[in-house]
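Coordinate inspection notes
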Amino acid sequence: MFKKLVQYVMVGLLAIAPVGGLLSAQTTKVAAASTPVSLPTTPQIDASAAIALDPATGQVLYEQNADQALPIASMTKMITAYIVLAQIKQGKLTWEQTVKPDDLIYQLSQNKDLTNVPLQADGQYTVKALFQAMMVASANDAAMMLANQVAGSQKDFVDLMRQKVADWGIQDAQLYSVSGLNNEFLGAEVYPDSPADAENEMSAADVALIAQKLLADYPEILETTKQAHFTFGAQTSDETAMSTWNLMLPGENNAPQDYVVDGLKTGTTDKAGDCFTGTATKDGQRILTVVMHANGEDTGRRFIETNKLMQYVFDGWEQKQLAQANQSLAPYKTATVKYGRQKTVQLITNKAISMWVPKGTTAANIDWHYQAVKGGAKRQLEAPIKKNVQIVQVTPQLNGVTTRYIGQAPQSQLRTKTADPKANLFVLIGEGIKEFFTNLF
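Quick summary incoming for the structure in this document. Given the structure is predicted, the values throughout are model-derived calculations rather than measurements.

**Quick word on the packing of aromatic side chains**
- Enumeration according to the criterion identifies eight aromatic pairs in this entry.
- A centroid spacing of 5.1 Å and a plane angle of 80 degrees characterise the contact between Tyr82 and Tyr218, whose relative ring orientation is edge-to-face. Note that Tyr82 is positioned in helix H2 (residues 77–89) and Tyr218 in the loop between helix H7 (204–217) and helix H8 (221–225), a separation of 136 residues in sequence.
- The exposure class assigned to Tyr218 is buried, which follows from its relative accessible area of 7%.
- Centre to centre, the rings of Tyr259 and Phe314 are 5.3 Å apart; their planes meet at 45 degrees, and the pair counts as tilted. Residue Tyr259 is located in the loop between strand S9 (240–243) and strand S10 (260–269), and its partner Phe314 is located in helix H9 (residues 301–316); the two are separated by 55 residues in the primary sequence.
- Assessed through its relative accessible area of 4%, Tyr259 is described here as buried.
- A relative accessible area of 6% means that Phe314 is categorised as buried.
- Among the aromatic residues, ring-to-ring pairing joins Tyr82, Trp168 and Tyr218 into one connected group.
- Just above the ring of Trp95 sits the side chain of Lys128; from NZ or CZ to the centre is 4.5 Å.

Spelled out as structure tokens, the structure:
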């Protein structure tokens, strides 16, 4: 009778003990570093707005008035290029397709005050030639012809542009044209109900996001934007030698000496001033910059200010690996396992973790931010635990610096290195009795 009673007690204790699944919590812990990081001296960029970032992660390395919406001029064409490249990838458009200008575009192409390629009223031009003219020579008529080919009208293509930037989380964009031209030049193609002098506007941060998306999804864009010269309409009556507006490309007037620029897009209107979205590499590392409405008297002012920004990043910052894949990080090296055979499991990184840091940065300058995903603040899991279960999200931060990311910030995880099955029955009974009497008193 006594043995039966003990059995009933044990079953009851096990019944009240929680089983199966993982406890969840959303808590954040910071492992504080001991030394604030020493930032390099920031340059004074003589422009209305500017930003520099790592396009791979979106980590912002410099910003000046980066969130104010300003006219973007022909930097608009990066959105147009993205949509065209997406159409080609989806098989809805081919490089060999030919496009004929409508009357308005033909008339626009004859305006010598605007950036265009020469067109014939009855000419047929390949998508490839128009794309090259748009991205290298910043041809407005070429951008408009591509838009008509994709969407059927300028208005419908602008609607595609608006939807695309909204999908990327851009809220403050004002988009009216596919090229960046002011409405005063667009005649009957003005977007319905838009102001007579309306012009596309975005913040430097949002322009950087567009460039980041373009580089990430269609890196082949650089094969076009790195060209300084090309021939439009080769071996036809329209054959015309064209040159880039990006004077930071190798061999051009504002080309830097110790890093290489291979893109991305200039922009100029009376409202926007001289703008430039640039990208460059040095020692295998790529950066992205945006300068809007550069000031000064020099005709290359946007490139002079861009060079200041790029030099600042390459001279003062470096991408550094802070943790290897499958590495433990203090103070989240382990998690306890309730009812498990091992009682604890080791937590390791799911991948290598890197970050741009000021040169000379050490481990003492890094704060590790930990957000519990499973097991709560105490990281107490419940057996059985599988291998490779995500327990914590981990993010490095520079001590004393609020790091900003454009787009989706990179995420790394700490996961269980091994599995931990549930302990045998006798251990579970002992744990149940211990927990029962602990809770009782």
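Now that the structure is up, let's keep going.
**Overview of the nonpolar core**
- In this structure, Ile51, Phe131, Val165, Met202, Ile221, Phe232 and Met292 are the most contacted members of the largest nonpolar core, which totals 80 residues.
- Once residues within four sequence positions are removed from consideration, Phe131 is found in contact with Ala81, Val84, Leu85, Trp95, Leu146, Ile221 and Thr224.
- Residues Phe276, Val345, Val357 and Tyr405 belong to the second largest nonpolar core, which totals 48 residues.

**What to know about unusual backbone geometry**
- With an omega of 25 degrees, the peptide bond between Gly263 and Leu264 qualifies as cis.
- On the secondary structure map, Leu264 appears in strand S10.
- In this structure, the amide linkage connecting Ala330 to the following residue, Pro331, adopts the cis form with an omega of 0 degrees.
- Phi is positive for Asp193, which is not a glycine, with a value near 65 degrees.
- Among the structural elements, Asp193 can be located in the loop between helix H6 (154–167) and strand S7 (201–202).
- Here Asp193 falls in the exposed class, since its relative accessible area comes to 83%.
- Despite not being glycine, Lys343 shows a phi value in the positive range, around 75 degrees.

**Comments concerning the packing of H2 against H7**
- Running from N to C, H2 and H7 cross one another at 30 degrees; their axes reach a closest spacing of 10 Å. One element, H2, and the other, H7, form an angle in the roughly parallel class. The hand of the H2/H7 crossing is left-handed. Contact residues: Met78, Ile79, Tyr82 and Leu85 in H2; Val207, Ile210, Ala211, Lys213, Leu214 and Asp217 in H7.
- Residue composition of the contact of H2 with H7, by class: eight nonpolar, no polar and two charged.

**Some remarks on the environment of Met242**
- Counting through the fold element by element, Met242 comes out in strand S9.
- The exposure class assigned to Met242 is buried, which follows from its relative accessible area of 12%.
- Separated by eleven residues in sequence, Met242 and Thr231 have C-alpha atoms that sit 5.8 Å apart.
- Filtering out sequence-adjacent residues up to four positions away, Met242 remains in contact with Asn116, Val117, Ala137, Ala228, His229, Phe230 and Phe232.

**What about the pattern of salt bridges?**
- Evaluated as defined, the whole model comprises nine salt bridges.
- One salt bridge connects Asp262 with Arg286, and the closest N-O pair in it is separated by 2.9 Å. Of the two residues, Asp262 is situated in strand S10 and Arg286 in strand S12 (residues 285–294); the sequence distance between them amounts to 24 residues.
- Using a relative accessible area of 12% as the deciding quantity, one classes Asp262 as buried.
- Arg301 is the partner of Asp274 in a salt bridge, and the nearest nitrogen-oxygen pair spans 3.4 Å. In this pair, Asp274 sits in strand S11 (residues 273–282) while Arg301 sits in helix H9, placing the two residues 27 residues apart along the sequence.
- Linked through salt bridges whose partners overlap, the residues forming this network are Glu63, Asp67 and Arg404.

Criteria and cut-off values
Residue positions are given per chain, counted from 1 along the sequence in the order it is written. In view of the model being predicted, local features appear only for residues whose pLDDT reaches at least 70, and side-chain atom pairs are presented and counted only at 80 or more, with totals across whole chains, interfaces and linings using the full set of residues. Heavy atoms throughout the structure, all of them, feed into the side-chain values; hydrogens and water do not. Here is the rule: rings of Phe, Tyr and Trp (six-membered ring for Trp) pair when centre to centre is within 6.5 Å. Planes less than 30 degrees apart are stacked, more than 60 are edge-to-face, and the remainder are tilted. Each helix corresponds to a stretch of at least 4 residues labelled H or I by DSSP, and each strand to a stretch of at least 2 residues labelled E; elements are numbered beginning at the N terminus. Three labels apply to residues, based on accessible area from a 1.4 Å probe with only protein chains included: buried if under 20% of the type maximum, exposed if over 50%, partly exposed otherwise in between. Working rule: Lys NZ or Arg CZ, within 6 Å of ring centre, within 35 degrees of ring normal, means a charge sits over the ring. To qualify as a nonpolar core, a set must consist of buried Ala, Val, Leu, Ile, Met, Phe, Trp, Tyr and Cys residues joined through side-chain atoms within 4.5 Å. Only heavy atoms enter the contact rule, under which two residues are in contact if any of them lie within 4.5 Å. The axes are straight lines fitted to the C-alpha atoms, using for helices just the contacting stretch, and the angles between their N-to-C directions are given from 0 to 180°. These descriptions rest on fixed angle ranges, namely under 35 degrees for roughly parallel, over 145 for roughly antiparallel, 65 to 115 for roughly perpendicular, and the rest for oblique. Handedness of a helix crossing follows the sense of rotation of the near helix relative to the far helix, less than a right angle counterclockwise being left-handed and clockwise being right-handed. Residues are grouped as follows: Ala, Val, Leu, Ile, Met, Phe, Trp, Tyr, Cys and Pro are nonpolar; Asp, Glu, Lys and Arg are charged; every other residue, Gly included, is polar. When a carboxyl oxygen of Asp or Glu is within 4 Å of a side-chain nitrogen of Lys or Arg, the pair counts as a salt bridge.

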